[in-house]
Structures are given as C-alpha cells and as structure tokens.
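Each chain, letter by letter, is given below.
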Amino acid sequence: MTSAAIYGCSGPELTAAERAFFAEVRPWGFILFRRNVETPDQVRALVAALRDSIESPDAPVLIDQEGGRVQRLGPPHWPKYPPGEAYLQAGTDVDEARDLVRQGARLMAHDLQSLGINVDCVPVLDVPVPGAHDIIGDRAYARDPETVARLGRAAAEGMLAGGVLPVIKHMPGHGRAFADSHHDLPVVHADLATLESWDFVPFKALSDMPLAMTAHVVFDAIDPKRPATTSKKAIRLMREQLGFAGLIMTDDLSMKALSGTLTERAEAALKAGCDVVLHCNGDLAEMKQVAAGTRKLKGRSGKRAEAALARIVRLPEPLDAVAARARFMAAFDGRIEAAQGPDVGEARSPAL
C-alpha cells in the first residue's frame, strides 16, 4: 500500500539504493529539483524510473516551477519565466495581468506535461506585509489579498487546463513572516481578525483546489506552541474556516523551522492532520528516518489523494505553444531576464 510521503532523489538518475528504498516504502509521489535536471530526455527517463520503482504509472511527480527565483527548469532547454509580481507590472490593469498569469501557467504546464511532470507547486498565495522577510517578496502576485486571489486562480486554472495539478501555498499564509522558514521558525503575532481579513483571503478563495502545502510558521492566534504544519488547531482551521477539502501536504520536513528528529516531524505532521509529508533533499538516510514516522495513505487522506489525481485533465486544452510563447514574451519586453535572482529553496543533500 502507498505511504503518505513524497520524496526527492539525489541526482539525475536513480541509484540502485534509491530504487530499492522506493520499492519498499512505496511513496505516494516524488519531487524534482535542479540537481535532478539535465536535459528533456534525461528528465523524462528519470520520471519514468521513479514511477516504475513503485509500479505506479500515474504517481504524482512534483516540481517548483514558479518563475523568477524559484524555477527548477531553465535555460538552455527551458525558457525563463517571470516572478509573480512581474505580471502586474507588465499588464496595463489587473484584468490584463490575470490573462498573462494564466498564459504563463498554461505554458509552464505545457513544458511540464511534456516531461511527464504532473504537479507544480504554484500558485504562491502569500500576501507580503511591509517589513516581512523577502523569502516571499517578488514571488507574490500582489500586495493585497484580493488581487493575489484573482491572479492565483488564473495560475491554477492555467495549470489545470494543461494537465498539471496546482498546489496552493503556503497555507494559511507566509506573507507576514519575519524569518525564512528554511533557516528559522517564523512567529506571527497578528490577531485572528487581522489574519482572516488579509492572510487567509486567497486560501479561502481557492479552497476548491486539489492540493495545498502548509507553512512552517507559528501563528500565536491559532496555536502559540506549534507551527501550522504540526498543529492540529491550524489544520482544523484550514479545513473548517478556510474550507479546504483537498489534500494537505507539508512543506519540506528538512527545513530548520521544524524541531525534533525527522521521524518525529513526520509523526507530528500526520498526527496534526496533514495527509502527506514532503521530504526534498534526496538524502537516503534522512528519507529512511522520515519513512519510520510515516503511515499508509488510506482513509480520508487516501480519498483526498484519489480525488486530487482525478482532477488531472487527460486531454489538455489546445495550445499553439510557439505562438503563445511569442505573445507572452512580447508582453514582458525583455524584462524577464532582469527579474531573475538567487534561487530560493533548492533542497540539496549534504553530499551535493
């Protein structure tokens, strides 16, 4: 039976040890990073090998392909895409920006679908506040929740139309955090009314999406003792107040915002109500620790996983990729290159 986990792998090809581990623990899915990417044919072969290792031809294979600082596929084989905030700058108004966001997401889905990748960890629905850590920064579509919700839905719709599942993140909101959860545990002190009127708005607006990723952030108003990922109170809020009925996955368990062993982190997240845990860096010893704290994917979580995969469109919306890409690039007038910055969240094994 499938386990409630998503794992990375160490390089561009599966090792014999990784293949044996995946065959034994049978994770629900996998995630790719730059260390796993060389050429289109190589990525297709790796995706096929990952699925073959668990004998699941439709297993989810995830990637972070946002554009800007978070883009695992890039030149020379794949085009660069702009970060979230660039769409409003390129459009003459919100409606035009929305059309551009959908077009960009549809093109990204086309790139991914051709490789066999069927899940993209977009859209970012976090709404930054003044002074917040720039870990979100230009990844956000806007600086107000209504516009973020509107453009985020456009991104999700573009992905779905192209046969790729979107993942809304980082629920219930990372935009108010004053620390980078890759390195520290952010604590948000805003009261519940403030969170409901700002941070939660985009997540409520996209509560119909199939997949969501948690934030490794403590919200005093929800649970002052635990980050959302391992908090029963926070997961209950996501279900009841935000109305999210889809599958909830953790952000990367190896991030330093979380405490305890990796086994304890996995156990805590699943006990809190997350459906699936995510471990990204491809370190086999760490993955074995995660597996020790992971259970089978069944019951309500199993049904959510099945429902999510059922949302994949088998016949993507028709697209003239060459013409669509030319129109898309023209809208940015050469500004995409200037919008690239240092990579965010590239999970690496200590050996890499």
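Residues numbered from 1 in each chain as written. Predicted model: local features only at pLDDT ≥ 70, side-chain atom pairs only at ≥ 80, totals over all residues. Heavy atoms only, no water.

Draft legend 1. How the structure looks around the sheet that holds strand β13 (residues 276-279). One closed barrel accounts for 8 strands, arranged β1-β2-β3-β6-β7-β9-β12-β13; its pairing is parallel. Pairing of strand β3 (residues 61-63) with strand β6 (residues 119-120) involves 2 bridges; the strand directions are parallel. Bridging from a neighbouring strand, I63 pairs with D120 of β6. Against the sheet, helix α1 (residues 16-25) engages β1 (3-7) and β2 (27-32), with an angle of about 155° to β1. (Pairing = 2+ DSSP bridges. Helix = DSSP H or I, 4+ residues; strand = E, 2+ residues; numbered from the N terminus. Contact = heavy atoms within 4.5 Å. Axes fitted to C-alpha atoms, helices over the stretch in contact; angles between N-to-C directions.)

Draft legend 2. Quick look at helix α9 (residues 262-272). Taken as a whole, α9 has its buried residues at L262, T263, R265, A266, A269, L270 and A272. Buried residues in α9 make contact with β1, α8 (232-240), β12 (247-252), β13 and α10 (284-292). Of the residues trailing α9, G273 is marked for its positive phi of about 125°. (Buried < 20%, exposed > 50% of the residue type's maximum accessible area, 1.4 Å probe, protein only.)

Draft legend 3. Highlighting a positive patch on the surface. On the surface, K225, K232, K233, R236 and K271 cluster together to form a positively charged patch. Among the secondary structure elements, K271 is positioned in helix α9. (Patch = residues over 30% accessible without salt bridge, like charges linked within 9 Å, V, L, I, M, F, W, Y side chains within 5 Å. Areas by Shrake-Rupley, 256 points an atom, 1.4 Å probe, with all protein chains shown as cover. Salt bridge = Lys/Arg side-chain N within 4 Å of Asp/Glu carboxyl O. Lys, Arg positive; Asp, Glu negative; His and termini not counted. Charge placed at Lys NZ, Arg CZ, Asp CG, Glu CD.)

Draft legend 4. Focus on the packing of helix α4 (residues 94-113) against helix α5 (residues 145-161). As a packed pair, α4 and α5 sit with axes 7 Å apart at the nearest point and diverge in direction by 30°. Overall, the two elements α4 and α5 adopt an arrangement that is roughly parallel. Here α4 runs over α5; the crossing is right-handed. Side by side, α4 and α5 meet where V94, D95, A97, R98, V101, R102, A105, R106, M108 and A109 of the first sit next to T147, R150, L151, A154, A155, E157, G158, M159 and A161 of the second. Here the residues of the contact of α4 with α5 sort into 11 nonpolar, 2 polar and 6 charged. (Parallel < 35°, antiparallel > 145°, perpendicular 65-115°, else oblique. Left-handed = near helix turned anticlockwise from the far one by under 90°. Nonpolar A, V, L, I, M, F, W, Y, C, P; charged D, E, K, R; others polar.)

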